[in-house]
Amino acid sequence: MDRDAQAVILPRAAETNSNGGEEMTIHPLFQRNGAFWRTLCLAAGPILAAYLLGSLATFANLTPWYHMLAKPDFNPPDWIFGPVWTMLYILMGIAAWRLLRKPDSEARARALGFYFAQLALNILWSWMFFAMRSPMAGLINIIPQWFLLAATALCFWRIDRAAGAMLVPIILWVGFASILNFEIWRLNP
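First, a word on scope: everything that follows refers to the structure included in this document. A quick note: this is a predicted structure, and the numbers were derived from the prediction, not measured.

A word on the packing of aromatic side chains
Any aromatic ring pair is given by two values, namely how distant the centres are and how the planes are angled relative to each other.
No. 1: Applying the stated rule across the entire model yields 15 aromatic pairs.
No. 2: A ring pair is formed by Phe81 and Trp173, whose centres lie 5.8 Å apart and whose planes are at 75 degrees; its orientation type is edge-to-face. Residue Phe81 is found in helix H3 (residues 78-100), and its partner Trp173 is found in helix H7 (residues 168-187); the two are separated by 92 residues along the sequence.
No. 3: With relative accessibility at 22%, the residue Phe81 sits in the partly exposed group.

Okay, here's the thing in structure tokens:
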């Protein structure tokens, strides 16, 4: 595509050249092979996969199995879980995206390793709790998942404070879910 065609199709950012004149360039966000899109796919892809794989295990077992379980009084209504998890996944994706944009380093590699490990446990929880129909298996998963989330948030915080802060809501939610999971296991021997 020639520069005139690009000017019509893609937004441009103005830059000052060495002669003091203004020169139009394509905004980095819209460059064909830009790092932005790769980074966005690396951040959003695993989150989308976690949502889809977790949903496969969960939705098939809500009725009648999950609905027949005894639950504690503080169990939220079913409609809460979808919006909460959507918000948590969005925050996790943004946090990962922010970290992926940082320069390569040992600290970044460790943080991303923790991140993907906790995401894998997140997916497995749905299969262990719902697909296996086992609150005990879910409980065995969710405790190390919480610790991995805390380690992930700490590692993210050391590199990018905003990214680390974005993981606080999921730490709180998984902490609450751990208590809920324990109570469901206790009430359904």
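Here the narrative resumes, following the displayed structure.
A look at the side chain of Asn75
No. 1: Of note, Asn75 is situated in the loop between helix H2 (35-68) and H3.
No. 2: A relative accessible area of 17% places Asn75 in the buried class.

Here's the deal with the packing of H2 against H3
No. 1: Two elements in contact, H2 and H3, have axes separated by 9 Å at closest approach and are oriented at 160 degrees. It follows that H2 is roughly antiparallel to H3 by the angle criterion. When you trace H2 past H3, the crossing you get is right-handed. Side by side, H2 and H3 meet where Phe36, Thr39, Leu40, Leu42, Ala43, Ile47, Ala50, Tyr51, Tyr66 and His67 of the first sit next to Asp78, Tyr89, Met92, Gly93, Ala96, Trp97 and Leu100 of the second.
No. 2: Across the contact of H2 with H3, the residue classes tally to 13 nonpolar, three polar and one charged.

Notes on the nonpolar core
No. 1: With 41 residues, the main nonpolar core has Tyr66, Met92 and Phe156 as its most contacted residues.
No. 2: Elements with a contribution of two residues or more to this core: H2, H3, helix H4 (106-131), helix H5 (135-159), helix H6 (161-166) and H7.
No. 3: The leading source of residues in this core is H3, at ten residues.
No. 4: If we skip the residues at most four places from it in the chain, Phe156 touches Ala95, Ala96, Leu99, Ala111, Leu112, Tyr115, Arg161, Ala163, Gly164 and Leu167.

Thoughts on the packing of H4 against H5
No. 1: Orientation of H4 relative to H5, taken along the N-to-C sense of each, is 160 degrees, at an axis distance of 8 Å. When the interaxial angle is binned, H4 and H5 end up roughly antiparallel. As H4 runs across H5, the sense of the crossing is left-handed.
No. 2: For the contact of H4 with H5, the residue count by class is 21 nonpolar, six polar and one charged.

Overview of the pattern of salt bridges
No. 1: Applying the stated criterion across every chain yields a total of five salt bridges.
No. 2: We note a salt bridge from Arg108 to Asp104, for which the minimum N-O separation is 2.0 Å.
No. 3: Under the relative-accessibility criterion, Asp104 is labelled exposed at 69%.
No. 4: In this structure, Arg110 and Glu106 form a salt bridge, with 3.7 Å as the shortest nitrogen-oxygen distance. Of this pair, Arg110 and Glu106 are both found in helix H4, four residues apart, which corresponds to roughly one turn of the helix.
No. 5: Overall, Arg110 belongs to the partly exposed group, its relative accessible area being 41%.
No. 6: We classify Glu106 as exposed; its relative accessible area is 62%.
No. 7: Salt bridges sharing partners connect three or more residues here, namely Arg98, Lys102 and Asp160.

Looking at a nonpolar patch on the surface
No. 1: Judged by side-chain polarity, Leu48, Tyr51, Leu52 and Phe59 come together as a nonpolar surface patch covering roughly 430 Å² of accessible area.
No. 2: Note that Tyr51 resides in helix H2.
No. 3: Residue classification places Tyr51 among the partly exposed positions, given a relative accessible area of 40%.

Definitions and cut-offs
Each chain has its residues counted from 1, following the order in which its sequence is written. Where totals are concerned, whole chains, interfaces and linings use all residues; where local detail is concerned, this predicted model gives features only for residues with pLDDT of at least 70, and gives and counts side-chain atom pairs only at 80 or more. In computing side-chain values, all of the structure's heavy atoms are included and hydrogens and water are not. The rule is short: rings of Phe, Tyr and Trp, with Trp giving its six-membered ring, pair when the centres are within 6.5 Å, and they are stacked under 30 degrees, edge-to-face over 60, tilted in between. A run of DSSP states H or I qualifies as a helix once it reaches four residues; a run of E qualifies as a strand once it reaches two. Both are numbered from the N-terminal end. Only protein chains enter the area calculation, which uses a 1.4 Å probe; residues under 20% of their type maximum are buried, those over 50% are exposed, and those in between are partly exposed. Think of each axis as a best-fit line through the C-alpha atoms, taken over the contacting stretch in the case of a helix, with angles from 0 to 180 degrees between the N-to-C directions. Here the word oblique covers every angle except those under 35 degrees (roughly parallel), over 145 (roughly antiparallel) and from 65 to 115 (roughly perpendicular). We call a crossing left-handed when the near helix sits turned anticlockwise from the far one by less than a right angle, and right-handed when that turn is clockwise. By the convention used here, residues are in contact when the closest approach between their heavy atoms is within 4.5 Å. In this classification, the charged set is Asp, Glu, Lys and Arg, the nonpolar set is Ala, Val, Leu, Ile, Met, Phe, Trp, Tyr, Cys and Pro, and all remaining amino acids, among them Gly, are polar. Only buried residues count toward a nonpolar core. Its members are Ala, Val, Leu, Ile, Met, Phe, Trp, Tyr and Cys residues joined through side-chain atoms within 4.5 Å. Salt bridges, as used here, are contacts in which a Lys or Arg side-chain nitrogen is within 4 Å of a carboxyl oxygen on Asp or Glu. For patch detection, residues must exceed 30% relative accessible area and be free of salt bridges, and they are connected within 9 Å for like charges or within 5 Å for nonpolar side chains (Val, Leu, Ile, Met, Phe, Trp, Tyr). In short, Shrake-Rupley with a 1.4 Å probe defines the accessible areas, and a residue's cover is counted only from the protein chains shown.

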